[in-house]
Amino acid sequence: MVVQFAFHIIILMIVGLIYPLASAQNIITTQSGCDYYSCGIGIPYPFGIGDPKCYADKWFEIECRNTSQGEIPYLKSLNLEVTSIDDSNSKVNIMNPVFSWNCKSKDSRPIIDLKGSPFVFSKDDNKFTAIGCNKIAFLQSNGSQVSGCVSVCDEYDNEQVNNNIDFGSDGCLGRFCCQTSLPEYLSEFNVTLENLSNRSVSDECSHALIATEYWYRVPFGNSYEYRSFRDLDVSYVPAVLDWVILNSSMKVDHAGANCTIVPSSLYRPSGWRCECSLGAYGDPYITGGCVAISGFFDTNSQARKRAIVGVLSSIGSIILFFVLWLLHKVVRKRMIKKRKEKFFKKNGGLLLQQRMSSGEVNVDQTILFSLKELEKATDNFNTNRVLGKGGQGTVYKGMLVDGRIVAVKKFKVEGKVEEFINEFVILSQINHRNVVRLLGCCLETEIPLLVYEFIPNGNLFEYLHDENEVLPMTWDMRLRIATEIAGALFYLHSLTSQPIYHRDIKSTNILLDEKYRAKVADFGASRIVSIEATHLTTVVQGTFGYLDPEYFQTSQLTEKSDVYSFGVVLVELLTGKKPISSTISEETKSLASYFVQSMEENRLFDIIDKRVTMEGDKEHIIAVANLGNRCLELNGRKRPTMKEVTLELEEIRRLDRKSNAQQNPEEIELAGIQDYQPWAEYSTSNSLTTLSSATLSRDTDIMHILPLK
């Protein structure tokens, strides 16, 4: 692009040097008695205005039309506005209509048809552009699809398009908008726009058009500014047409001109395209239009010397141009750096650096990633790398330079930056084997990016509700996963420097690692409270089916809100049913309500998963069910703490393994190797329904037996 731009500048310089040499020759640009300058533009032959002798044929007739903006030139035969004519390159610049969808009064489906005319859309100077979210735009000609492109947005992008976000500095590369090239000799086209399958459908205003390649770039000093979506408040955009002289239109005087035959295409007959020979200047399409430059080939002439000086001046101008270009690169790089610094400060980077330097954040474990690193890791946030989307953002799979596989999350920050930074600081210190580890963040973008360890086996919801014949969900696995989740929540509630309430515990937020161990994830909605506080008043947030009814009614978030959500997950593991399901009775489609009702009516084993019934001991299943029922108490005070839940589940697991070992003595050693018992020291009760009060009331420091990595 830079070389092409430099070439154009050189041509303009040479023309500026040569033209004065030929000006004295009275160059002819129009037929005798015809006006060259009219309607605000130069009109060289074969174009013309007024008398038919002033233009080659009807296709080249220019008509001046009175408008509110003054006289505007139009190609009369095609009803297209003309902005300039370049006879030396056989090009004419026009204003091309825009295709619009769902744009209220601005909806437009223009008919573009140049068939049979000497004009086609220039392949080199135009691009097909589509603007909108999650759209496939097809360019059609003669009833066939000849080109197309795809524009992709996520939910956040879609909101930004509606808010008139600017084009990116790299142009249309598939996000918000897309571009593609034109086929050869395009003279007739139509556009169709379809929603991208398997993606959220955007019914917002969308556009498609053929325009000059950089129509969205506006010159600004030595650089460019980029149009925003609000500039699409127009119905026409600049485009370039190539043209030829049809064989039947005129005979070209070859004196001083080089003319070539342009073969016919599907919609355009063959014709002539001319240019003045070397050493001549003027209009090659008019008799005597090319005038030899006096003394051009005379090495001893003053004109030749002037030409040499001109060439040397051009070389100097080229050097000056590249100096200016390098200066532009430096300024642009500085602007990008300042933009990153702006986002870094906006996202609380300075505050985070202070806390890192003060030792509040473990610098060895938490990294401030650069945007360049994460773009390379995720292939520029390719849509093929999307792992999932949620209310807090979009998660991409990536690979760092050192080979580590990570999950990169585009986080949507709500509220004050200090709250986000405070949450990040706390999470950066968590080192629990059943909590997804936060590796670092990037604050150089408008939306902060969080980087987590990658968990390969999906989430609990998928594994539990989608049949897995290779590794089915056994009773032992369900009990182990429930215990791991409970232990992680106990850690967050009681053993961090400040209590953390997750606020959105659900099976989709429980990930499974390579050994199918549970990992609590997605802390986007979590809240940090002081040790002295008994509750936190917040705007209600959570997932229907898992949301604590008491929290929903009072807006007071407590640790018991997570207990209720865990109870739903526990019941989900017991029954194999979804938290909200059409298979549950019409009276109660909520799994929690249905489970509590079944317990009250003594119908527990009517809803327990068949595999659980077959594999689990009846007393153990009842003990887990009773625990789940207590977690689902409507009165939060009656629910157990996560410490009590964890100890009780560990006790049930211990007795369950002991029972299995007695039935299968050969598995005793294997069970001892595979199952780590972090709470064995406290699981001393032989009762399945209750634990000893002494065990539950111990005030012993148990940090040394936490399941930490």
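Some points on the overall build of the chain
Then comes step 1: Scanning the chain for helices and strands turns up 17 helices and 36 strands.
Then comes step 2: Within the chain, buried positions represent 47% of all 709 residues.
Then comes step 3: Here the contacts in the chain between residues at least 6 apart in sequence split such that 64% fall between residues at least 24 apart.
Then comes step 4: Only carbon and sulfur atoms are counted for the fraction: they give 51% of the accessible area of the chain, which is about 35,600 Å².

Here's the deal with the sheet that holds strand S12 (residues 135–141)
Then comes step 1: One open sheet holds the four strands; their spatial order is S9-S15-S12-S13, and the pairing between them is antiparallel. Two strands bound the open sheet, and with one partner strand each, they are strand S9 (112–113) and strand S13 (144–151).
Then comes step 2: As judged from the two bridges shared by S9 and strand S15 (residues 188–195), these two strands associate in the antiparallel manner. Looking across to S15, one finds that Ile112 is bridged to Phe189.

Digging into the confidence of the model for the chain
Then comes step 1: A residue-level look at the chain finds 70% of positions with pLDDT of 70 or above and a mean pLDDT of 77.
Then comes step 2: Taken together, the stretch residues 158–165 has pLDDT below 50 and engages in 17 contacts with residues farther than four places along the chain or on a different chain.
Then comes step 3: Scored below 50 in pLDDT, residues 667–709 shows 76 contacts in the model against residues more than four places distant or in partner chains.

Details of a nonpolar patch on the surface
Then comes step 1: Together, Ile308, Val311, Leu312, Ile315, Ile319 and Val323 line one region of the surface with nonpolar side chains, adding up to about 560 Å² of accessible area.
Then comes step 2: Structurally, Val311 can be placed in helix H3 (residues 302–346).

Remarks on the packing of helix H10 (residues 559–575) against helix H14 (residues 618–631)
Then comes step 1: The interhelical angle for the contact between H10 and H14, taken along N-to-C directions, is 150 degrees, at an axis separation of 8 Å. The pairing of H10 with H14 is recorded here as roughly antiparallel in orientation. At the point where H10 passes H14, the crossing takes the left-handed sense. The segment H10 lies against H14, with Val563, Tyr564, Phe566, Gly567, Leu570 and Leu574 engaging Ile621, Val624, Ala625, Leu627, Gly628 and Cys631.
Then comes step 2: Looking at the contact of H10 with H14 residue by residue, the classes come out as ten nonpolar, two polar and no charged.

Digging into the nonpolar core
Then comes step 1: Ranked by internal contacts, the top residues of the largest apolar core, which has 57 residues, are Leu460, Ile485, Phe566, Phe595, Met642, Val645 and Leu649.
Then comes step 2: No other element matches the 13 residues that helix H8 (residues 475–495) contributes to this core.
Then comes step 3: Those residues within four positions of Ile485 in sequence are excluded, and the remaining contacts are Leu460, Ile510, Ala518, Val520, Phe566 and Val569.

Topic: the packing of helix H11 (residues 591–600) against H14
How two helices pack is summed up by the angle between their axes together with the distance between the axes.
Then comes step 1: Viewed as axis vectors pointing N to C, H11 and H14 meet at an angle of 120 degrees, and their least axial separation amounts to 10 Å. With respect to their mutual orientation, H11 and H14 come out oblique. As for the relative orientation of H11 and H14, their crossing is left-handed in sense. Taking contact as the criterion, the partners of Phe595, Val596 and Met599 in H11 are, on H14, Ala625, Asn626, Gly628 and Asn629.
Then comes step 2: Partitioning the contact of H11 with H14 into residue classes produces four nonpolar, three polar and no charged.

Quick look at the sheet that holds strand S21 (residues 257–262)
Then comes step 1: If you walk across this open sheet you meet the three strands as S20-S22-S21, and the pairing is antiparallel. A strand with exactly one partner marks an edge of an open sheet, and here the two such strands are strand S20 (245–246) and S21.
Then comes step 2: Where S20 meets strand S22 (residues 271–276), two bridges bridge the pair, whose relative direction is antiparallel. From the neighbouring strand, Leu246 faces S22, where its bridge partner is Gly271.

Notes on H14
Then comes step 1: Between its first and last C-alpha, H14 extends 20 Å over 14 residues, near the 20 Å set by a 1.5 Å rise per residue.
Then comes step 2: Every buried residue of H14 is listed here: His620, Ile621, Ala623, Val624, Ala625, Leu627, Gly628 and Cys631.
Then comes step 3: Each element contacted by the buried residues of H14 is listed here: H8, H10, H11, helix H12 (604–607), helix H13 (610–615) and helix H15 (642–663).
Then comes step 4: Where H14 begins, the side chain of Asp617 points an oxygen toward the backbone nitrogen of Glu619, at a separation of 2.9 Å.

Observations concerning the pattern of salt bridges
Then comes step 1: Taken as a whole and judged by the stated rule, the model has 18 salt bridges.
Then comes step 2: Between Glu61 and Lys76 there is a salt bridge; the shortest N-O distance is 3.8 Å. With Glu61 in strand S4 (residues 61–67) and Lys76 in the loop between strand S5 (70–75) and strand S6 (80–86), this residue pair connects regions lying 15 residues apart in the sequence.
Then comes step 3: Its relative accessible area of 16% is what places Glu61 among the buried residues.
Then comes step 4: Here Lys409 makes a salt bridge to Asp522, at a shortest N to O gap of 3.0 Å. Within this pair, whereas Lys409 is found in strand S28 (residues 405–411), its partner Asp522 is found in the loop between strand S33 (518–520) and strand S34 (527–528), the two being separated by 113 residues in sequence.
Then comes step 5: For Asp522, a relative accessible area of 24% translates into the label partly exposed.
Then comes step 6: Several salt bridges converge on common partners, so that one network encompasses Lys91, Asp125 and Asp242.

Considering the state of the cysteines
Then comes step 1: Inspection of the entire model under this criterion finds five disulfides.
Then comes step 2: Each sulfur in the disulfide pair Cys149 and Cys178 lies 2.1 Å from the other. One quick way to see it: the torsion about the S-S bond of Cys149 and Cys178 is about 60 degrees, and its sign makes the bridge right-handed. In this pair, Cys149 is assigned in strand S13 and Cys178 in strand S14 (residues 177–180), connecting sequence segments 29 residues apart. You'll find Cys149 and Cys178 in the same group, each marked buried.

Thoughts on unusual backbone geometry
Then comes step 1: A cis amide bond links Tyr45 to the next residue, Pro46, at an omega of 20 degrees.
Then comes step 2: As for its placement among the helices and strands, Pro46 is situated in the loop between strand S2 (41–42) and strand S3 (48–49).
Then comes step 3: A positive phi is found at Cys39, a non-glycine position, where the angle reads about 60 degrees.
Then comes step 4: If you trace the backbone, Cys39 turns up in the loop between strand S1 (37–38) and S2.
Then comes step 5: You can call Cys39 buried: its relative accessible area is 10%.

Examining the packing of aromatic side chains
Then comes step 1: With the rule as written, the count across this model stands at 13 aromatic pairs.
Then comes step 2: Considering the side-chain rings of Phe381 and Tyr396, the 5.2 Å spacing of their centres and the 75 degrees angle between planes classify their relative orientation as edge-to-face. Here Phe381 is found in the loop between helix H5 (371–377) and strand S26 (386–390), whereas its partner Tyr396 is found in strand S27 (residues 393–399), with 15 residues between them in sequence. Residues Phe381 and Tyr396 agree in their burial class; the two are buried.
Then comes step 3: Aromatic pair Tyr463 and Tyr516: ring centres 5.2 Å apart, planes at 40 degrees, arrangement tilted. On the criterion of sequence distance, the pair formed by Tyr463 in helix H7 (residues 460–465) and Tyr516 in the loop between strand S32 (510–512) and S33 is long-range, its members being 53 residues apart. Across the pair, Tyr516 and Tyr463 agree in class, each one buried.
Then comes step 4: Following the ring pairs from residue to residue traces out a cluster consisting of Phe47, Phe60, Phe119, Trp243 and Tyr285.
Then comes step 5: For Lys58, the ring lying beneath its charged end belongs to Trp59, and the centroid distance is 4.7 Å.

Conventions and cut-offs
- Residues numbered from 1 in each chain as written.
- Predicted model: local features only at pLDDT ≥ 70, side-chain atom pairs only at ≥ 80, totals over all residues.
- Heavy atoms only, no water.
- Helix = DSSP H or I, 4+ residues; strand = E, 2+ residues; numbered from the N terminus.
- Buried < 20%, exposed > 50% of the residue type's maximum accessible area, 1.4 Å probe, protein only.
- Contact = heavy atoms within 4.5 Å.
- Areas by Shrake-Rupley, 256 points an atom, 1.4 Å probe, with all protein chains shown as cover.
- Pairing = 2+ DSSP bridges.
- pLDDT = per-residue confidence, 0-100.
- Patch = residues over 30% accessible without salt bridge, like charges linked within 9 Å, V, L, I, M, F, W, Y side chains within 5 Å.
- Salt bridge = Lys/Arg side-chain N within 4 Å of Asp/Glu carboxyl O.
- Axes fitted to C-alpha atoms, helices over the stretch in contact; angles between N-to-C directions.
- Parallel < 35°, antiparallel > 145°, perpendicular 65-115°, else oblique.
- Left-handed = near helix turned anticlockwise from the far one by under 90°.
- Nonpolar A, V, L, I, M, F, W, Y, C, P; charged D, E, K, R; others polar.
- Core = buried A, V, L, I, M, F, W, Y, C linked by side-chain atoms within 4.5 Å.
- Expected span 1.5 Å × (residues − 1).
- Polar contact = N/O pair within 3.5 Å; in protein donor to acceptor, adjacent residues only side chain to side chain.
- Disulfide = S-S within 2.5 Å.
- Phe/Tyr/Trp six-rings, centres within 6.5 Å; stacked < 30°, edge-to-face > 60°.
- Lys NZ or Arg CZ within 6 Å of the ring centre and 35° of its normal.

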